[in-house]
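Now for the letters of each chain:
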Amino acid sequence: MQFEIIARCSTTRARVSRMTLAHGPTMLPTFMPVATQAAIKGLTPEQVESLGITLILNNTYHLNLRPGIDVLKAAGGAHEFQGWNHNLLTDSGGFQLVSLSKFTTITEEGALFQSPFTGEPTMLTPEESISIQHAIGADIIMQLDDVVSSLETGPRVAEASERSVRWLDRCINYHKSSGKDDRQNLFAIVQGGLDFKLRDRCLDAMVDRKDDVAGYAIGGLSGGEEKDIFWRLISQCTAKLPEDRPRYSMGIGFAEDLLVCVALGVDMADCVFPTRTARFGVALTRKGAVNLSKKCTLLNRHPTDIATRRQS
Amino acid sequence: MFLSFENLSSASSSSSTSLFGPRLGSLVCKNGVKITTPNLITPTSRGVVPHLSRDNVLRTQSISWIHVPYESFLECKPPIPTLGLSLHDLLGFRHDRHVISMSLRDLSDGREMPSNAAKYVSAWCIRGARKVTPEEYRRYTSLAKPDIVYALADVQPVASQKRLIKSVERTAEWLVQLLKPCDAEDNAQASAPSIILQMPGGQSNQARSAFAHTLIEPLHPTDVHTLKPLRLSCLDDAISGYAVDGSIEQIKASLDGLNEKKLRIAHSTTFSTLTIPPATGLSPSTGVDMIRGPHDMLDLIRDVGIDLFGAEWVIKLAQWGIALDFEFPPPQAPINSKIDSGSGTSPKIRGSKRDIGHNLYDVRYRMDCTRLLNSNSSVTCPCFTCAPSSCSSEDVIRHSRVDDPPLYDLKSPPRSRTPHTRAYIHHLLHTHEMSSYALLVGHNLAIISTFLQGVRNSLELSGGQFNAEVDKFFEYYASGEHESIYPSEVAKVEAVVEAVVAEATEGEVLLPQGSGVRDTLTGKGTGILLFDEARVCHAEVERLRGKGSLKRDREVG
């Protein structure tokens, strides 16, 4: 990965940078649309490309179930499979384990969960997660982290935060020994819940491993916590994370949050919000969200967003 | 008049068959759009080509005549197309590329409807049935400004002779009302849309002939007066084409004696909505009563000289996960099952004939990383699925100055890209991704268009060859009549459906009792095994992963 900062904001921590990966350059800050099942909802890869998007996200958990790693290998990786020529990021699959499966138990070895189809107990270890992401072949891969709800309190948060560091080490080891680290870039995920001290400890530990990771994600947020705590935590993380690594705030999608994050020095974000809200009939415009399924928009003949029309 | 249709040739020269023989035509519309026939009419639902966004409509070269059933707009009052924008502008179709026709009812909708009356037609919208009077329809057409209007017709299936006579009379009367010039619109007469007439008469050849006769007899004195500015000698003069349905014999009865230099259009009844109203006690007519595939189209081209086909069934197949893969003329090489192993296979062989496409739900396509068309196909499919291309770098939306070229193009992607694969679309179908339908609709429309191009090429060559090629096509590709379904075939299809369900549930087969596979295959289906197989697979995957599946799981567990 090549990462170079092109410009900096004079008042905030915002920065413009160019991240060059195996499938070309991506200008940052950027928003990554989510192609959970190897397709941005309703669009063809060519349409996504024409929107000026150069980095999308696939969900490891879903791709592992369907089409399955054997199919992805036969196709020559997820890029080939979905006809996407630009950059791709995969998550570790940990978040979906917790959000979709009721019976997940986290052990030091990995996440033990019930397969949603066969019902058999299945173990996802950090090594296994990286191995799956290697088969998918994304340009950016994420460490497996121990995810707890951002509203969780107590010793479980500390445990998760510390375990995420230990799992990061296992991910780094596996990734380096696989020989795939020339084309795929491993990102660490900073945990620590809503506790500033925990965050700080996690940050320190992860920054120590800077030479072995290509970038940092800020995890464990955007789960219903107060905005006042949210921005403080983001600020705390970006202040401590190394300048010369891209920073990725996970699960951020509302315009206000994106602006705050960028001003605090975040480079990347992802969320299903734009694709999901579109499916519910809402158009995002420069004047706010417009619910096109409502009767009052019936008589409105303006294009949904005049400002975005091409000047020619 | 908007359209001018020129009958370029009749393949057969003998006078007795030339009226209904296969024919090649050229349709020139006022906006410069030229359509050579036989060709296809792209259907829409609520004014949208199903599953295709505007840019994908423009990417699809085979879309030039677009048909808009108006009834789906009736849910809003006033209907949106009356608010000031023409259909072209409202729906984002291009004046220089697309011809738009409009009918009140969806001609492919076979559902049972409240009966029409002397003063109105029953139409269907999402909120239920609506009554539309000829006056209202006339207003709708004048505000929507389509290029072509299908006149109101009373074409509901009816049982009694008396009702049949009424329907014929009404259709003629409504046509006169549509034609009647209004003072206010006199100056707009020049841009008046062309008119297509849906031929009434139902199951009765007599009624059909009688209606045809009404069209060409001299105008009734009262009509002469009202239609004076149009200078018509008979109603037929005001019509650019006929939309026909029914069996070959019924279509002949409808068209006999009429001007052969006019368009003949056939729309297809959508399979899922095809019902025979129990009240009327009618049995389905034999022969071609709906267009189910290329076989029926070839029949209609050869025996009654149909020029344009509604492509409703093509869209339906895409929704069931079928990717069409056939060509005209058919491949020369005899059917050889040896080449059917591995990737890039041709469609399945059933009995001794080949399917016209692939049921992509089938587990056999899970790892098949080849394009949709089989590797021996001589067709070059131009669709955005088989021949996707990156848009040029100027067309990519740039979000900021730093995205500008040349920076952006440091590593310029290749213009043309590898085709989307069977395995990918198989995956999208199994995961309910909407993109699958877009990719399949684009492909299927292109294949039908290429097929009709093959037909036109064949018709252009000296006579006789076309009929021979049609015979060969029937020899090669399975048309799938009901009679040809053997129990062994049904069992094979059941095995496929079971495997698809097994894949969708990762091993566990959850086919419910009486899931209707057998029903669909032997009676209530389309009669074409490929279609029915895909339809059942689609329904099962939909049921397993679709809305409410979690709730059902809870109830079962």
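Residues numbered from 1 in each chain as written. Chains lettered and ligands numbered in written order. Predicted model: local features only at pLDDT ≥ 70, side-chain atom pairs only at ≥ 80, totals over all residues. Heavy atoms only, no water.

> Could you clarify how one ought to interpret the overall build of chain B in this entry?
Each helix and strand in chain B was counted, giving 17 helices and 17 strands. When the 557 residues of chain B are sorted by exposure, 55% land in the buried category. Restricting to contacts in chain B with at least 6 residues of sequence separation, those with at least 24 account for 72%. Surface summary for chain B: the accessible area is close to 23,600 Å², and the carbon and sulfur share equals 53%. (Helix = DSSP H or I, 4+ residues; strand = E, 2+ residues; numbered from the N terminus. Buried < 20%, exposed > 50% of the residue type's maximum accessible area, 1.4 Å probe, protein only. Contact = heavy atoms within 4.5 Å. Areas by Shrake-Rupley, 256 points an atom, 1.4 Å probe, with all protein chains shown as cover.)

> What should I look at first to understand the pairing of strand 1 (residues 2-8) of chain A in this one?
Each regular strand displays side chains that alternate between the two surfaces of the sheet. Residues and elements named next belong to chain A. The pairing of strand 1 with strand 2 (residues 15-21) spans six bridges and is antiparallel. The residue of strand 2 that forms the bridge with Phe3 is Met19. Joining the antiparallel neighbours strand 1 and strand 2 is a turn of six residues. (Pairing = 2+ DSSP bridges.)

> Would you mind showing me how to read helix 14 (residues 487-504) of chain B here?
Because each turn of an α-helix spans 3.6 residues, side chains separated by three or four positions in sequence point in the same direction. Compared with an ideal rise of 1.5 Å per residue, which puts 18 residues at 26 Å, helix 14 of chain B spans 26 Å between its outermost C-alpha atoms and is within 8% of the ideal. For helix 14 of chain B, the complete set of buried residues consists of B:Glu489, B:Val490, B:Val493, B:Val496, B:Val497, B:Val500, B:Val501, B:Ala502, B:Glu503 and B:Ala504. (Expected span 1.5 Å × (residues − 1).)

> Explain empty space enclosed by the protein to me, please; I cannot follow it from the model alone.
Rolled over the atoms, a probe as big as a water molecule pinpoints where empty space is left. With the rule as written, the count across this model stands at four cavities of 30 Å³ or more. The computed volume of the largest cavity comes to approximately 60 Å³. In this structure, the largest cavity is lined by A:Ala35, A:Ala38, A:Ala39, A:Ile40, A:Leu43, A:Thr44, A:Pro45, A:Val48, A:Ile56, A:Gln82, A:Trp84 and B:Tyr424. A class-by-class count of the residues in the lining of the largest cavity yields ten nonpolar, two polar and no charged. (1 Å grid on protein atoms, 1.4 Å probe; cavity = no way out; pocket = protein on both sides within 12 Å on 5 of 7 lines; lining within 4 Å. Points joined across faces, edges and corners; volume = space filled by probe spheres on them. Nonpolar A, V, L, I, M, F, W, Y, C, P; charged D, E, K, R; others polar.)

> Would you mind showing me how to read the sheet that holds strand 10 (residues 194-198) of chain B here?
Sheet strands pair via backbone hydrogen bonds, and the direction of the pair is either parallel or antiparallel. Residue and element names in this part refer to chain B. With respect to topology, eight strands assemble into a closed barrel ordered 4-5-6-9-10-11-12-13, the strand pairing being parallel. Across the sheet, the axes of successive neighbouring strands diverge by a mean angle of 25°, strand direction being ignored. Relative to strand 10, strand 9 (residues 148-150) is paired through three bridges, and the arrangement is parallel. By the bridge assignment for strand 10, Tyr150 is matched with Ile196. Helix 4 (residues 134-144) contacts strand 6 (99-103) and strand 9 of the sheet and is inclined by roughly 165° relative to strand 6. (Axes fitted to C-alpha atoms, helices over the stretch in contact; angles between N-to-C directions.)

> Honestly, the sheet that holds strand 3 (residues 24-28) of chain A in this entry has me stumped. Any pointers?
All names here are of chain A. Reading across the sheet, the three strands line up as 1-2-3 and stay open at both edges, with antiparallel pairing between neighbours. Both outer strands of the open sheet, strand 1 and strand 3, are each paired with one neighbouring strand and no more. For this sheet the average axis-to-axis angle between neighbouring strands, irrespective of direction, equals 20°.

> Please explain the interface of chain A and chain B as it appears in this structure.
It is common to give the size of an interface as the accessible area lost on bringing the parts into contact. At the interface, 44 residues of chain A touch 46 residues of chain B. Buried surface at the junction of chain A and chain B, summed over both partners, amounts to about 4,000 Å²; 55% is from carbon and sulfur atoms. A salt bridge links A:Glu46 to B:Arg417; its shortest N-O distance comes to 3.5 Å. For the pair chain A and chain B, the interface holds 15 residue pairs in polar contact (both at pLDDT 80 or more). The set of elements that each furnish at least two residues to the side of chain A that touches chain B consists of strand 2, strand 3, helix 1 (45-50), helix 2 (60-75) and helix 3 (78-82) of chain A. With eight residues, the top contributor of residues to the side of chain A that touches chain B is helix 2 of chain A. Class assignment of the residues belonging to the side of chain A that touches chain B gives a composition of 20 nonpolar, 15 polar and nine charged. (Buried area = accessible area lost by both parts, 1.4 Å probe. Salt bridge = Lys/Arg side-chain N within 4 Å of Asp/Glu carboxyl O. Polar contact = N/O pair within 3.5 Å; in protein donor to acceptor, adjacent residues only side chain to side chain.)

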